[in-house]
Amino acid sequence: MKSAYELAMERLNQQSPSIKLTDKQKAQLAEIDSKFNARIAERELTLGGEIDHARETGDYDAIATLDQQLTDDKNKLEAERESQKEAIRQGK
């Protein structure tokens, strides 16, 4: 008798079988992660400095705008990262 977990895993594998990645694909995925982590850190440093300056001057509108810009930039970069990674997983 199979457990509910085992049955669920079998159904999951039938619906969307797992993809085996080659070593080259794994290296490409790691390179993409590294590149995008660096780009995100760069945006955090750049906008973080501007946010700090706005806090010092008490410009709360600028703080809100910069915080939103940082969030938007991070979301855009994360989406781009996932798009590139998915292309590699699909073998494109």
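The structure contained in this document is the topic of the report that follows. Predicted, not measured: the structure shown is a model, and the values here were computed from it. Residue numbers run consecutively from 1 along every chain, following the written order of its sequence. At least 70 in pLDDT is required for a residue's local features to be given in this predicted model, at least 80 for side-chain atom pairs to be given and counted, and no such filter applies to totals for whole chains, interfaces and linings, which use all residues. Side-chain numbers here rest on the full set of heavy atoms in the structure, without hydrogens or water.

## Section: the nonpolar core
In step 1: Judged by nonpolar contacts, Leu47, Ile51, Ala54, Ala62, Ile63, Leu66 and Leu70 together constitute the single largest core of seven residues.
In step 2: Going along the chain from the N terminus, every DSSP run of H or I of four or more residues is numbered as a helix, and every run of E of two or more is numbered as a strand. Per-element tally for this core: the top contributor is helix α3 (residues 60–89), with four residues. Only buried Ala, Val, Leu, Ile, Met, Phe, Trp, Tyr and Cys residues count toward a nonpolar core, and they belong to the same one when joined by side-chain atoms within 4.5 Å. Between buried and exposed lies partly exposed: a residue is buried under 20% and exposed over 50% of the maximum accessible area for its type, with that area taken using a 1.4 Å probe on protein chains only.

## Side note on a nonpolar patch on the surface
In step 1: For patch building, the residue pool is restricted to those with more than 30% relative accessible area and no salt bridge; the joining distance is 9 Å between like charges and 5 Å between nonpolar side chains (Val, Leu, Ile, Met, Phe, Trp, Tyr). Residue burial considers only the protein chains on display, and all accessible areas are found by Shrake-Rupley using a 1.4 Å probe. A pairing counts as a salt bridge when a side-chain nitrogen of Lys or Arg comes within 4 Å of a carboxyl oxygen of Asp or Glu. The grouping of Tyr5, Met9 and Leu12 at the surface amounts to a nonpolar patch, some 320 Å² of accessible area in total.
In step 2: Here Tyr5 lies in helix α1 (residues 4–15).
In step 3: By relative accessible area, which is 61% here, Tyr5 ends up exposed.

## Examining the pattern of salt bridges
In step 1: Going through the model one piece at a time under the given rule, you end up with eleven salt bridges.
In step 2: Here Lys85 ties to Asp33 by a salt bridge, and the two come within 3.2 Å at their closest N and O atoms. Of the two residues, Lys85 is situated in helix α3 and Asp33 in helix α2 (residues 23–57); the sequence distance between them amounts to 52 residues.
In step 3: Between Glu44 and Lys74 there is a salt bridge; the shortest N-O distance is 3.0 Å. Taken together, the residues span a long stretch of sequence, with Glu44 in helix α2 and Lys74 in helix α3 at a distance of 30 residues.

## A word on the environment of Ile19
In step 1: Mapped onto the secondary structure, Ile19 falls in the loop between α1 and α2.
In step 2: Taking the C-alpha atoms as reference points, Ile19 and Arg89, 70 residues apart in sequence, are found 7.7 Å from one another.
In step 3: Apart from residues lying up to four places away in sequence, Ile19 is in contact with Arg89 and Gln90. Here, two residues are considered to be in contact whenever any of their heavy atoms come within 4.5 Å of each other.

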